[in-house]
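A look at the structure
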Amino acid sequence: VLTFEERSEIVAALESVDFVVKFEEDTPIEVIKKIKPSLIVKGGDYEQHEVVGNEICEVKIFPYVDVMSTTEKINKSCQNKD
């Protein structure tokens with residue numbers, strides 16, 4: 001499990017990423033309103049209509065990949081301990 005700093009460093013290293021933003025609120029709607037991104041990217045466990053800010057900018061949903069899921073890795077690790 002990676003910290004925000006570790007995850008944001010990985011994401012920020014992608015050439016197509018301009019900013020990585022951390023927010024403390026329940027949803028990032030106020031941040032989205034302020035920075036007005038051209039694109040929000042979410043994982044495949046989301047539906048486009050569920051993404052906060054979908055009415056403000058384009059939303060892309062990337063396919064969910066089991067082998068890359070942190071949740072799946074944690075669940076498998078816990079199962080292996082039993």
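For the structure given in this document, a descriptive report is provided here. This structure is a prediction, so every number in the text was calculated from the model and none was measured.

Looking now at unusual backbone geometry. Although it is not a glycine, Lys 36 sits at a positive phi angle of roughly 45°. Structurally, Lys 36 is set in the loop between helix 2 (29-35) and strand 1 (39-43). Relative accessible area serves as the criterion here: at 61%, Lys 36 is assigned to the exposed category.

Counted under the stated rule, the structure contains 2 salt bridges. For the salt bridge of Lys 33 with Glu 30, the shortest nitrogen-to-oxygen distance reads 3.7 Å. Residue Lys 33 and its partner Glu 30 are both found in helix 2; the two are separated by 3 residues, about one turn of the helix. Under the relative-accessibility criterion, Glu 30 is labelled partly exposed at 44%. Lys 60 serves as the salt-bridge partner of Glu 58, at 3.5 Å between the closest nitrogen and oxygen. Accessibility expressed as a relative area gives 42% for Glu 58, which makes it partly exposed. With a relative accessible area of 40%, Lys 60 lands in the partly exposed category.

Quick notes on the rules
Residues numbered from 1 in each chain as written. Predicted model: local features only at pLDDT ≥ 70, side-chain atom pairs only at ≥ 80, totals over all residues. Heavy atoms only, no water. Helix = DSSP H or I, 4+ residues; strand = E, 2+ residues; numbered from the N terminus. Buried < 20%, exposed > 50% of the residue type's maximum accessible area, 1.4 Å probe, protein only. Salt bridge = Lys/Arg side-chain N within 4 Å of Asp/Glu carboxyl O.

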